[in-house]
Amino acid sequence: MSDAVTLEPGIRRLRAPNPSAMTFTGTNTYILGTGRVAVVDPGPPDEAHLDAILAALAGETIEAILVTHAHLDHSALAPALSARTGTPVLAYGDAAAGRSPAMQALSGLAGGEGVDRAFRPDRCLADGEVVGGGTWSAVALWTPGHFGNHLSFATGNAILTGDVAMGWSSSLVSPPDGDLSAYLASCARLARRGARILYPGHGDSVCDPAERLAWLVAHREERTRQILAALRAGPSTARSLAERIYDDLSPALLPAAMRNVLAHLIDLTKKNRTEPLDPLGSDCRFQLV
């Protein structure tokens, strides 16, 4: 059981015991305020983590449970925490909310890794809506890309960025839940806010937000150049492109890399730079236009 760490006045963090190649050291659960508080991203369905949250908040009142997005490692504990405390769950919407028309058209595409399909918030938050309580307040910022229903939460000059902007890794963008066009727009939106610090869903705080967000965009642009260069040799699938481009990647992470490449290919197809030769799917071949 981990103890809450105070990151700055009014913001504490607990780390869920779910480290992995995809979650790094575990999911970060944040507490906003003191006395009367909000819990952001309760985390995975882990009884020990639920006990840790309740122990950290002994004598305090949870006024809201905020969820950045409907991946199991962020949202799945919300119903249990809500049931124990009588606190409403607030989010942008269910697991299908916020998808672009292009991603809705791909709803039959295999994917959806780690999606909390049972997730249903008690109240949906609108983009830009301000929520708050006794000693805390936050602005809900719709930041899709990693996930259609993804929210970031701005509080003061800090932003809780969920899985959009992390310091330890770039984000997974896995269609149809992930949308590369939306992801790049969300990075640009976060950059425009000029935050002092970012508190991500995994890993440590990001103390150089502008530099980090610029790197995340540049990383995607470089990946796009690599994909286009590889396609000059002829049509290819996302998997074969990933095997060539991610040549030093652990085999265990290849499926995630393939999903990222597929996201780039779909984005390039929307921009008329590539075209599919088969029905869109994991084994679809793409070629340059």
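Per an unreviewed UniProt entry, the chain is named Hydroxyacylglutathione hydrolase, and its organism is Palleronia aestuarii.

Some details on unusual backbone geometry
P176 follows P175 through a cis peptide bond whose omega is 5°. Mapped onto the fold, P176 is located in the loop between β11 (158-162) and α5 (180-193). Despite not being glycine, N272 shows a phi value in the positive range, around 60°. Within the fold, N272 resides in the loop between α8 (254-270) and β14 (274-276).

Looking at the domain arrangement of the chain
Interface size is commonly expressed as the accessible area that is lost once the parts come together. Domain annotation for the chain reports domain 1 (5-207) and domain 2 (226-288). Placing the centre of domain 1 and that of domain 2 at their C-alpha centroids yields a distance of 29 Å. If you look at the interface, domain 1 gives 18 residues, while domain 2 gives 13 residues. When domain 1 packs against domain 2, close to 1,200 Å² is buried across both sides, 65% of that on carbon and sulfur atoms.

Some words on the pattern of salt bridges
In this structure the tally under the stated criterion is 13 salt bridges. For the salt bridge of E8 with R196, the shortest nitrogen-to-oxygen distance reads 2.8 Å. With E8 in strand β1 (residues 5-8) and R196 in the loop between α5 and β12 (197-200), this residue pair connects regions lying 188 residues apart in the sequence. A residue is classified by how much of its surface remains accessible, and E8, at 19% relative accessible area, is buried. For K271, the salt bridge is made with D267, and the minimal N-O distance between the two is 3.0 Å. Classification of D267 as buried rests on a relative accessible area of 4%.

Regarding helix α1 (residues 47-56)
When α1 is considered as a whole, its buried residues turn out to be H49, L50, A52 and I53. Down the axis of α1, the buried side of the element spans an arc of 160°, and every buried residue falls inside it. Buried residues along α1 sit against β2 (11-15), β3 (28-32), β4 (36-40) and α3 (78-85). Measuring from the backbone nitrogen of A48 back to the side-chain oxygen at the start of α1 gives 3.0 Å, which picks out D46 as the cap.

Side note on the pairing of strand β10 (residues 151-155)
Within a regular strand, the side chains alternate between the two sheet faces. Of all five residues that make up β10, five are buried, and the element is covered over most of its length. Neither face of β10 is left uncovered, since the one carrying L151, F153 and T155 and the one carrying S152 and A154 both have all their residues buried. Here strand β9 (residues 137-142) pairs with β10 via four bridges, running antiparallel. Following the sheet pairing, A140 is matched in β10 by F153. Sheet topology note: the β10/β11 ladder contains three bridges and is antiparallel. Note that in β11 the partner of A154 across the bridge is I159. Between β10 and β11, which pair antiparallel in sequence order, lie two residues; one of them, G156, sits at a positive phi of approximately 60°.

A look at the sheet that holds β14
Taking strand neighbours across the sheet as the criterion, the three strands line up as β13-β15-β14 in an open arrangement whose pairing is antiparallel. The open sheet terminates on both sides in strands that have one partner only, identified here as β13 (236-237) and β14. Its contacts with the sheet place helix α6 (residues 209-231) against β13, β14 and β15 (285-288), and it is angled at close to 90° to β15.

A word on α5
End to end, α5 covers 20 Å across 14 residues, agreeing with the expected 20 Å (1.5 Å per residue, within 8%). Of all the positions in α5, only L180, A182, Y183, S186, C187 and L190 are classed as buried. Angular distribution of buried residues about the axis of α5 spans 155°; they occupy a single face of the element. One side-chain oxygen of the residue at the start of α5 lies 3.0 Å from the amide nitrogen of S181, identifying that residue as D179. One or two steps after α5, the chain reaches G194, where phi turns positive at roughly 60°.

Here's the deal with the nonpolar core
Among the nonpolar cores identified, the biggest contains 22 residues, and I227, L241, A242, V261 and L265 are the most heavily contacted of them. The leading source of residues in this core is α8, at eight residues. Here this core spans two domains, and each of domain 1 (5-207) and domain 2 (226-288) adds at least three residues to it. With sequence-adjacent residues up to four places away left out, I227 is seen in contact with L241, I245, V261, H264, L265 and L268. Core analysis: the next-biggest nonpolar cluster, separate from the first, contains 21 residues, I31, L50, V67 and V89 among them.

What counts, and at which threshold
Residues numbered from 1 in each chain as written. Predicted model: local features only at pLDDT ≥ 70, side-chain atom pairs only at ≥ 80, totals over all residues. Heavy atoms only, no water. Helix = DSSP H or I, 4+ residues; strand = E, 2+ residues; numbered from the N terminus. Domains from an automatic or database assignment. Contact = heavy atoms within 4.5 Å. Buried area = accessible area lost by both parts, 1.4 Å probe. Salt bridge = Lys/Arg side-chain N within 4 Å of Asp/Glu carboxyl O. Buried < 20%, exposed > 50% of the residue type's maximum accessible area, 1.4 Å probe, protein only. Arc of directions from axis to C-beta. Polar contact = N/O pair within 3.5 Å; in protein donor to acceptor, adjacent residues only side chain to side chain. Pairing = 2+ DSSP bridges. Axes fitted to C-alpha atoms, helices over the stretch in contact; angles between N-to-C directions. Expected span 1.5 Å × (residues − 1). Core = buried A, V, L, I, M, F, W, Y, C linked by side-chain atoms within 4.5 Å.

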